[in-house]
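Okay, here's what each chain looks like letter by letter:
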Amino acid sequence: MNPILLTKDEERPFLRLDLDQAAALEAGEMFLAGAEAFVRGVEQVVTFDPGYKLHDDECFEIHDFPINDDLIGFCRQPLAAERVEAADFASLPINGIVGYDFSAGQRKLIFQNFDSRRVLIPGRRFALLPMADASTFRQLTRPVLLLDANITAVWDNGVLKFKSFHLAKQLFDLSAYFTEATDEQIAQFTSHSRLCCADSVRFTNACTTWSRTKIALILRGGILDRTTGDIIRDAA
């Protein structure tokens, strides 16, 4: 398997990570094992609700979730994707790595998050590796990228499953699955016993799409019933 890198570069959103034969085999086994471990501990699947707090044995699910056709095509035929160079790692905004499984008629993409801490760049981080005698170490002189066994999400023939909303929203646009609070819901929010709003009409008129979405999430999750306004303010 030659994994596909997801980047925030609009001109190079998908790049192929070329691995030698042994590394490609190991990467493939790691992604498939990670996907199996991801679903193994799930006892209950919950339709995605951003206001719901999952239990340890639950995961979110979205049916008919759209995935970029180019990404699917590159995962099916990795050699069609542009190859990333080691020199790119210093500036390339990588935010995800994708494994895949198209065997036996499957269409499965396996996602893991990625951040700059998993790229070791000489001069930025001091990394050591052993020399031939295994007791003397030398400094890293070339960029190194670290793959992880932890899986953020699995897309299986149109069905997306994930356990962390926070991590998933870094890889996928989930905005279409949010709802905005109505004027009636905003009135419910401002009249809550743990809040004090001097002018609810003015507050309602000032609410944007973003704030209405946040209010809807707060109401749906019952946050105000469990948390004080001061705690929410400090966290924000």
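Residues numbered from 1 in each chain as written. Predicted model: local features only at pLDDT ≥ 70, side-chain atom pairs only at ≥ 80, totals over all residues. Heavy atoms only, no water.

**Q** Sorry if this is basic, but what is going on with the state of the cysteines here?
**A** As used in these notes, a disulfide is a covalent bond between sulfur atoms, one from each of two cysteines. Scanning the entire structure with this criterion turns up 0 disulfides. You can see Cys207 has no disulfide; the closest cysteine sulfur is in Cys197, sitting 8.8 Å from it. By relative accessible area, which is 12% here, Cys207 ends up buried. (Disulfide = S-S within 2.5 Å. Buried < 20%, exposed > 50% of the residue type's maximum accessible area, 1.4 Å probe, protein only.)

**Q** In this structure, what is going on with the packing of aromatic side chains? I would like to understand it.
**A** Each pair of aromatic rings is reported with the distance of its centres and the angle of its planes. In this structure the tally under the stated criterion is 8 aromatic pairs. Measuring from centroid to centroid gives 4.8 Å for Phe111 and Phe172, while their planes differ by 75°, and the two rings are edge-to-face. Taken together, the positions of Phe111 in strand β6 (residues 108–113) and Phe172 in the loop between α3 (165–168) and α4 (183–190) put the pair 61 residues apart, joining distant regions of the chain. On the accessibility criterion, Phe111 (2% relative accessible area) is buried. An aromatic cluster of three or more residues is present, and its members are Phe48, Phe60, Phe162 and Phe165. Between the NZ or CZ atom of Lys163 and the centre of the ring of Phe38, over which it lies, the distance is 4.8 Å. In this structure, Lys169 is placed above the aromatic ring of Phe165, and the distance from its NZ or CZ to the ring centre is 5.3 Å. (Phe/Tyr/Trp six-rings, centres within 6.5 Å; stacked < 30°, edge-to-face > 60°. Helix = DSSP H or I, 4+ residues; strand = E, 2+ residues; numbered from the N terminus. Lys NZ or Arg CZ within 6 Å of the ring centre and 35° of its normal.)

**Q** Explanation requested: the environment of Pro93 in the structure shown.
**A** With respect to the helices, strands and loops of the structure, Pro93 is situated in the loop between α2 (69–76) and β5 (94–101). Sequence-distant contacts of Pro93, that is, excluding residues within four places in its chain, are made with Leu6, Thr7, Lys8 and Asp9. (Contact = heavy atoms within 4.5 Å.)

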